[in-house]
Amino acid sequence: METKFFALTVDETLRKLHSSTNGLSNEEVLARREKDGPNVLETKKHSTLPEKFIAQFKDLMIIILMIAALISMLAGEISDAAIIFIVVFLNAVFGVFQETRAENAIDSLQEMTTPFSRVRRDGIVSQIKSTELVSGDVILLEAGDIVPADARIISQNAIRAEEAALTGESVPVSKDERPLTDENPPLGERSNMLFMNTVIANGTAEAAVVATGMRTEVGHVARMLDSAEDSVTPLQKNIAHLSKVLTVLILIIAVVIFVFGTLTGRESVLDMLLTSISLAVAAIPEGLPAIVTITLALGTQAMSRKNALVRKLPAVETLGTCEIICSDKTGTLTQNRMRVEQFYANRKLQKALDFDRKQASSLQLAMILANDARESEDGPIGDPTETALLDFFVENGASEEVRRIQQDYPRIASLPFDSDRKLMSAVVEHEGQKILFTKGAVDELLKRITRIEENGVVRPIDDSDKQRILEVNGQLAFQALRVLGYAFRPLNEPDELTSENYEKDLIFTGMTGMIDPQRPEVRNAVSEAENAGIKTIMITGDHKETARAIAIRLGIIAEGDLNGVITGSELDELSDEKLQENIGKYSVYARVAPEHKVRIVKAWQARGKIVAMTGDGVNDAPALKQADIGVGMGITGTEASKNAADIVLADDNFATIIVAVREGRKVFANIQKAVQYLLSANLGEVLTLFMMTMLNWSIFAPVQILWINLVTDTFPAIALGIEKSEKNVMTQKPRGSKSNFLSNGVGFAIIYQGILEGLLTLGVYLWAVTFPVHSGAAAVHADALTMAYATLGLIQLFHAFNSKSIHGTIFTKQTLKNKFFNLAVLVSAVLLASTILIPGLNPVFHVSSLSWAQWGIVFLAGILMIAIVETVKFFSRQETSAKSVEESR
């Protein structure tokens, strides 16, 4: 059973570790290092590049494409086979790149470890590599040090640790050596423990190492990150599902055509085999993976221009499906810097913007002088709470005034902050008079107050004054503001510098309320997410009331919502089943540990939701990897969180996530348009060939099928991938995990449009046979087949315009604004027409020259394709509008 060192006294801790305040002996160190190993974070063995590359070919769609390439080679279509092989190779390269980058997450945790530590062994202090630390070592720490291992404090002086990266606590935490009585407090409340990779904010401490390497809390995070399962994106699920459906259909139709054609004796077995093979190749949209990859890549470029850097291509589309955004508070929803918001002086509570410093000069002096922070070229440095006090003056153009006051009131002594009295004081001298300035917790300060300053006049403090101070303190605390009280007194005689001698008979001068404020753009982003059907969840290590106050400010919960906030301790009492059942009730999670974040993500996923997780700390990395889409912070984020993320925000702006969601939705819509175009075109080809076989008509030659497929599929489909988003993209509800490329009426559109393409092509063939231009059966059928070939190709190019909007009309100003699309259709049309118009290519493609009248019929068929689809769309929009009106009633 794991020892709870936080519950033991210092002596009990040292006995348990078989150590002492003098540290371990060198012999004991060697023995423990042999037993426990080095103080490093381990990583699981990564697969090699060749192994990663080979693994990419296990995908079903890739296997189908490889078979199609081999079939093309057997059919003599080397160029088509080469194109398929190139597509497959590029997809494999992209996959290897993404997988390699993802593996860097655990490695970056290793790089964070501090290289050297000061340790006492055999009573002698020395500096050693942090990797050489063992359990029981006594380490010496001071401000600025990175804690090299988990340790129990054995002595300290005003020690405070910055634990935001591990616990999410936004301000440094005071520490001491006293044992805790709680049976299992959260990490953020283990006040006698120091954790690996956290930072000492101020003070000094000696601590006994209780855990090293993977046995530390950060090691626990690393293990969760290493074992977290890589989630399959909706895009990958859709492509896998599509490939299975296509495989079955292709095999059935190809076999039927081969058997029927052979049994009727219309073609030789070899000719029918080649025709069936060609049909199989044509039926597989071999351009789809390339189109998906290119569309996603173009989406990543668009997102990078808007400060969202994509590390994994499918993440672009996945973010567009997300229904839940789980966001870390500190540094993501908030600015990760304290800011003074409220002042209380002269019995008045004022906002910082309205505060008149001249009316409260003593309060101003206390804020500046009872302060260990100092100015630097990069702004105030020191404890975040104290730097916030100086920031107030800097932001109000009073930097020179601060420096003048510090010079005119030089400090001659101080009483550092400690967690017992919750105060700090500075003794300064001004014009020969020594003055004490004190700041700290209001309730503790009031115990030492005997007088109060009001409008420059000092008088005895009475009960109504104290009652008013406590009321304001409670009011500010309820708003989750961190409240500090300030006092001063002139010093007459030099006594021994102790709290009892100095911090007494104080004059109250005022209070400040400060908070880690929300990012100004976040509230609008949360509102926009809500309009788009996306629920925002706030997850933080802060206290419950602080979390509630920030959530109300951001619009995540309503002001009267008392049930929307839950703590990590309350979460521990819920089973996974109970959490899944009630997960929708909670919008804010406070005092959480890393494993809580993973549980929250898994609970939403168990409800079938697509979950995005944002974060910037080490503690966020496992949840970032577990989520369907992990969003890291580029500025404040640790390397571990950035490498675990699918998308990194270069500006740390929560609002950028919504921009990325919009781009993700556009990407999916464009891929869906390409799928609609490709599959309806391929269905038209399959139906045309199938009916020609059944009707015992002349059928397309393999080269004709492959050329139409190659020319009309690739360029227009890729061009559809860069269409601009439609106006209503961010007012629609998320598609969710159950949606696929065939949702939202696309499946129906593919079927009726594919049938329409087939019927129009067969109709042109029948017209050419019924109303021939040339005499002789061979010439008539050659003309008919050529017209059908030209019609099928041209209809598909006309249909590319239909596919620019699944439900909307193409008769808008936007239709011709995609210049690449216009060029793609033009190039495809030229390549198709050249096989007929260039006499030298006629024998190669088994076509004949056509008259102007015959070309007119071909163009009429193309126009009919647009006219009929537009008519269907019109009635579909009317039906949808009528349903909306009915539902609104």
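Every chain is numbered independently, its residues counted from 1 as its sequence is written. With the structure being a predicted model, the display of local features is reserved for residues of pLDDT at least 70 and the display and counting of side-chain atom pairs for 80 or more, all residues being used for whole-chain, interface and lining totals. Only heavy atoms go into the side-chain values, all of them from the structure, while hydrogens and water stay out.

Comments concerning the overall build of the chain
By definition, any uninterrupted DSSP run of H or I lasting at least four residues is a helix, any uninterrupted run of E lasting at least two residues is a strand, and each is numbered from the N terminus. From N to C terminus, the chain includes 32 helices and 24 strands. Type-normalised accessible area, obtained with a 1.4 Å probe on protein chains alone, sets the label of each residue: buried when under 20%, exposed when over 50%, and partly exposed for intermediate values. Here the chain holds 889 residues, and the buried ones make up 55% of them. Here a residue-residue contact requires only that any non-hydrogen atoms of the pair lie within 4.5 Å. In the chain, the share of contacts with a sequence separation of at least 24, taken over all contacts with a separation of at least 6, comes to 72%. For the chain, the exposed area adds up to about 37800 Å²; of that, 57% sits on carbon and sulfur atoms. Surface accessibility follows the Shrake-Rupley procedure with a 1.4 Å probe radius. Residue values consider only the protein chains on display as shielding.

Focus: unusual backbone geometry
We note that Asp122 has phi near 55°; this positive angle belongs to a residue other than glycine. Looking at where Asp122 falls in the secondary structure, it is placed in the loop between β1 (116–121) and β2 (124–129). Unusually for a residue other than glycine, Asn455 sits at a positive phi of about 55°. By the secondary structure assignment, Asn455 is in the loop between β15 (449–454) and β16 (457–460). You can call Asn455 exposed: its relative accessible area is 51%.

A word on the pairing of β2
With six bridges connecting them, β1 and β2 associate as antiparallel partners. Counterpart to Arg120 in the pairing with β2 is Val125. Only strands that DSSP links by at least two bridges are regarded as paired with each other. Counted between consecutive antiparallel strands, the loop separating β1 from β2 contains two residues, among which Asp122 sits at a positive phi close to 55°.

Digging into the packing of helix α19 (residues 522–531) against helix α26 (residues 654–694)
Axis definition: a line fit to C-alpha positions, over the contact stretch in the case of helices; interaxial angles, taken between N-to-C directions, run 0 to 180 degrees. The contact between α19 and α26 brings their axes to 8 Å, and the two run at 30°. The angle between α19 and α26 places the two elements in the roughly parallel class. Seen along the crossing, α19 lies across α26 with a hand that is left-handed. Taking contact as the criterion, the partners of Val522, Ala525, Val526, Glu528 and Ala529 in α19 are, on α26, Phe654, Ala655, Ile658 and Arg662. For classification purposes, angles smaller than 35 degrees are called roughly parallel, those larger than 145 roughly antiparallel, those between 65 and 115 roughly perpendicular, and all remaining angles oblique. Helix crossings fall into two classes, left-handed where the near helix is turned counterclockwise from the far one by less than a right angle and right-handed where it is turned clockwise.

As for the pairing of strand β18 (residues 506–515)
Across the 10 residues that make up β18, a large majority, 10, are buried. As judged from the five bridges shared by strand β10 (residues 339–345) and β18, these two strands associate in the antiparallel manner. What sits directly across from Val340, in β18, is Met514. Direction of pairing for β15 relative to β18: parallel, over a ladder of three bridges. Each residue of the ladder has a partner; that of Ile449, found in β18, is Leu506.

Considerations on the confidence of the model for the chain
In the predicted model, the chain carries a mean pLDDT of 83, and 86% of its residues have values of at least 70. On a range of 0 to 100, pLDDT expresses the predictor's confidence in each residue. For the stretch residues 104–114, pLDDT sits under 50, and the model shows 34 contacts to residues farther than four places along the chain or on other chains.

Re helix α13 (residues 361–369)
Along α13, eight of the nine residues are buried, which leaves the element largely enclosed by surrounding structure. Taken as a whole, α13 has its buried residues at Ser362, Leu363, Gln364, Leu365, Ala366, Met367, Ile368 and Leu369.

As for the pattern of salt bridges
Whenever Lys or Arg places a side-chain nitrogen within 4 Å of a carboxyl oxygen from Asp or Glu, that contact is recorded as a salt bridge. Summed over the entire model, instances satisfying the criterion amount to 36 salt bridges. The partner of Arg160 in a salt bridge is Asp383, and the shortest N-O contact between them spans 3.2 Å. With Arg160 in strand β4 (residues 150–162) and Asp383 in the loop between α13 and α14 (384–395), this residue pair connects regions lying 223 residues apart in the sequence. This pair shows no difference in class: Arg160 is buried, exactly as Asp383 is. Between Glu189 and Arg591 there is a salt bridge, with the nearest N and O atoms lying 3.2 Å from each other. With a gap of 402 residues between them, Glu189 in the loop between β5 (173–174) and β6 (193–194) and Arg591 in the loop between β21 (588–590) and α23 (594–606) connect regions that are remote in the sequence.

Focus on a nonpolar patch on the surface
A surface patch of nonpolar side chains, amounting to about 430 Å² of accessible area, comprises Phe715, Leu823, Leu826, Val827 and Val830. Among the structural elements, Leu823 can be located in helix α30 (residues 819–837). Nonpolar side chains (Val, Leu, Ile, Met, Phe, Trp, Tyr) are joined into patches within 5 Å and like charges within 9 Å, using only residues with over 30% relative accessible area and no salt bridge.

Let's talk about the sheet that holds β21
On the basis of which strands lie adjacent, the open sheet formed by eight strands has the order β8-β24-β23-β22-β9-β19-β21-β20 and mixed pairing. Only two strands of the sheet have a single partner each, and these edge strands are β8 (308–310) and β20 (565–567). The average angle at which neighbouring strand axes cross in this sheet is 20°, direction not considered. Packing against the sheet, helix α20 (residues 544–554) makes contact with β19 (535–539), β20 and β21, and its axis sits at approximately 150° to β21. Against the sheet, α26 makes contact with β8, β9 (324–328), β19, β22 (611–615), β23 (629–633) and β24 (647–649), and its axis sits at roughly 155° relative to β9, the strand it touches most.

Some remarks on the nonpolar core
Nine residue types can take part in a nonpolar core, namely buried Ala, Val, Leu, Ile, Met, Phe, Trp, Tyr and Cys, and a core is a set of them joined through side-chain atoms within 4.5 Å. Leu319, Ile469 and Ile556 are the most contacted members of the largest nonpolar core, which has 75 residues in total. For this core, the element with the most residues is α26, which contributes nine residues. Beyond its immediate sequence surroundings of up to four residues, Ile469 is in contact with Tyr344, Val442, Leu446, Ile452, Ile461, Phe508 and Met511. If you look at the next biggest cluster of nonpolar residues, it comprises 53 residues, including Ala749, Val764, Leu794 and Ala861.

Considerations on the packing of helix α11 (residues 314–321) against α26
The geometry of α11 relative to α26 is characterised by a closest axis approach of 7 Å and an angle of 105° between their N-to-C directions. With respect to their mutual orientation, α11 and α26 come out roughly perpendicular. Contacts between α11 and α26 pair Val316, Glu317, Leu319 and Gly320 from the former with Ile657, Ala660, Val661, Gly664, Arg665, Val667 and Phe668 from the latter. Looking at side-chain class alone, the contact of α11 with α26 contains seven nonpolar, two polar and two charged residues. In this count, Pro and Cys sit with the nonpolar residues alongside Ala, Val, Leu, Ile, Met, Phe, Trp and Tyr, while Asp, Glu, Lys and Arg are called charged and the others, Gly among them, polar.

Re the state of the cysteines
Cysteine sulfur atoms are paired as a disulfide whenever they fall within 2.5 Å. A full pass over the atoms with the stated rule returns zero disulfides. No disulfide involves Cys322; its sulfur sits 9.3 Å from the nearest other cysteine sulfur, which is in Cys326. Taking relative accessible area as the criterion, Cys326 reaches 0% and is therefore assigned buried.

Examining the side chain of Glu444
In this fold, Glu444 is placed in helix α16 (residues 442–446). The exposure class of Glu444 is buried, given its relative accessible area of 15%. Distance and chemistry together define a polar contact, namely a pair of N or O atoms within 3.5 Å, with one atom able to donate a hydrogen and the other to accept it when in protein, and with adjacent residues in sequence counting only for side-chain atoms on both sides. A distance of 3.2 Å separates the side chain of Glu444 from the side chain of Lys447, its partner in a polar contact. Contacts of Glu444, omitting those with residues within four sequence positions, involve Arg421, Lys422 and Leu423.

Structural notes on the environment of Ser25
Looking at the element boundaries, Ser25 is found in the loop between α1 (10–16) and α2 (26–36). Of the residues examined, Ser25 reaches a relative accessible area of 25% and is grouped as partly exposed.

With respect to the packing of aromatic side chains
In this analysis, rings of Phe, Tyr and Trp, with Trp reduced to its six-membered ring, are considered paired at centre separations within 6.5 Å, and the interplanar angle assigns stacked below 30 degrees, edge-to-face beyond 60, and tilted for intermediate values. What the rule picks out here adds up to 11 aromatic pairs. A ring pair is formed by Phe801 and Phe821, whose centres lie 5.0 Å apart and whose planes are at 85°; its orientation type is edge-to-face. Of the two residues, Phe801 is situated in helix α29 (residues 777–802) and Phe821 in helix α30; the sequence distance between them amounts to 20 residues. The residues Phe801 and Phe821 share a single accessibility class, namely buried. By the ring-pair criterion, three or more aromatic residues cluster together here, those being Phe343, Phe355, Phe392 and Phe393.

Here's the deal with the side chain of Arg548
In this structure, Arg548 sits in helix α20. You can call Arg548 buried: its relative accessible area is 10%. When neighbours within four sequence positions are excluded, Arg548 is seen to be in contact with Ile557, Asp561, Leu562 and Val565.

Quick notes on the environment of Thr330
By the element assignment, Thr330 lies in helix α12 (residues 329–333). For Thr330, a relative accessible area of 3% translates into the label buried. For the pair Thr330 and Ala164, spaced 166 residues apart in sequence, the C-alpha to C-alpha distance is 7.7 Å.

What to know about the environment of Asn563
Along the polypeptide, Asn563 turns up in the loop between α20 and β20. The sequence separation of Asn563 and Lys585 amounts to 22 residues, and the corresponding C-alpha distance is 7.3 Å.

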